[in-house]
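# Observations on the three-dimensional arrangement
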Amino acid sequence: MTIDIRIFHDGLPEAMAGLAHQAQQEGHLHIGRLIDDWAAGDIRFTRDGERLLGAFEGETLVAVGGVTIEPARPEPLRMRRFYVRPAMRGRGVGRMLALALLDHARRFCRCVTVHAGNDGAMRFWESLEFRPLDQDGYTLVLDLRG
């Protein structure tokens, strides 16, 4: 399995609609919101430190995730719109995508926050050294300094 991590600069790939549909079937609406926010120009991951990445196996989009400026606090970035296709979970794709985003974030901030929507997501982020902190709409924080 070869995974290619790509930065989305100018637009979202057509495959994002299929990812949104699969997420919605699981009860997750955040990828649909990503598409809507992008189309409206509300969130384009273009401010200083922000980035949106996709993980591809060949030409198949298998995961997406980004970091944006944390709306509740001035210093951190926030992991957002993170989703991995069910068939790709447990294969290291999410970890690869998250580590690429964290590597990018280190150049811009000292900590990253995330809102883990369920217990599985909570365990995933904790495996990356995020620690619980229920405050300002997020549930976990990672100190990048140490």
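Residues numbered from 1 in each chain as written. Predicted model: local features only at pLDDT ≥ 70, side-chain atom pairs only at ≥ 80, totals over all residues. Heavy atoms only, no water.

Looking now at the packing of aromatic side chains. Overall, the coordinates contain five aromatic pairs when judged by the stated rule. With a centroid separation of 6.2 Å and 85° between ring planes, the pair formed by Phe8 and Phe56 is classed as edge-to-face. With a gap of 48 residues between them, Phe8 in the loop between strand 1 (3–7) and helix 1 (15–25) and Phe56 in strand 2 (residues 51–57) connect regions that are remote in the sequence. A relative accessible area of 8% means that Phe8 is categorised as buried. Here Phe56 falls in the buried class, since its relative accessible area comes to 5%. When the ring of Phe82 is compared with that of Trp125, the centres are 4.9 Å apart and the planes differ by 70°; the resulting orientation is edge-to-face. Separated by 43 residues along the polypeptide, Phe82 in strand 4 (residues 77–84) and Trp125 in helix 4 (residues 119–127) bring together distant segments of the chain. (Phe/Tyr/Trp six-rings, centres within 6.5 Å; stacked < 30°, edge-to-face > 60°. Helix = DSSP H or I, 4+ residues; strand = E, 2+ residues; numbered from the N terminus. Buried < 20%, exposed > 50% of the residue type's maximum accessible area, 1.4 Å probe, protein only.)

Once that is clear, we can look at helix 4. Capping the start of helix 4, Asn118 holds a side-chain oxygen 3.0 Å from the backbone nitrogen of Gly120, two or three residues further along. Once helix 4 ends, the next one or two residues include Glu129, with phi positive near 80°. (Polar contact = N/O pair within 3.5 Å; in protein donor to acceptor, adjacent residues only side chain to side chain.)

Turning our eyes to something else, we now look at the packing of helix 3 (residues 93–105) against helix 4. Direction vectors running N to C along helix 3 and helix 4 enclose 55°, while the axes themselves pass 11 Å from each other. As far as their axial angle goes, helix 4 and helix 3 are oblique. The two elements helix 3 and helix 4 meet at a crossing, and its hand is right-handed. Contact residues: Gly94, Arg95 and Ala98 in helix 3; Phe124, Trp125 and Ser127 in helix 4. In the contact of helix 3 with helix 4, the residues fall into three nonpolar, two polar and one charged. (Axes fitted to C-alpha atoms, helices over the stretch in contact; angles between N-to-C directions. Parallel < 35°, antiparallel > 145°, perpendicular 65-115°, else oblique. Left-handed = near helix turned anticlockwise from the far one by under 90°. Contact = heavy atoms within 4.5 Å. Nonpolar A, V, L, I, M, F, W, Y, C, P; charged D, E, K, R; others polar.)

Take the pattern of salt bridges next. As enumerated under the stated definition, the model contains eight salt bridges in all. Glu26 is the salt-bridge partner of Arg89, the closest N and O atoms lying 2.7 Å from each other. Of the two residues, Arg89 sits in the loop between strand 4 and helix 3 while Glu26 sits in the loop between helix 1 and helix 2 (30–40), which places them 63 residues apart along the sequence. On the accessibility criterion, Arg89 (39% relative accessible area) is partly exposed. Taking the shortest distance from any N to any O, the salt bridge between Arg145 and Asp143 comes out at 3.0 Å. Judged by relative accessible area, which is 40%, Asp143 ranks as partly exposed. Among the charged side chains, a network of salt bridges with common partners joins Asp4, Arg6 and Glu59. (Salt bridge = Lys/Arg side-chain N within 4 Å of Asp/Glu carboxyl O.)

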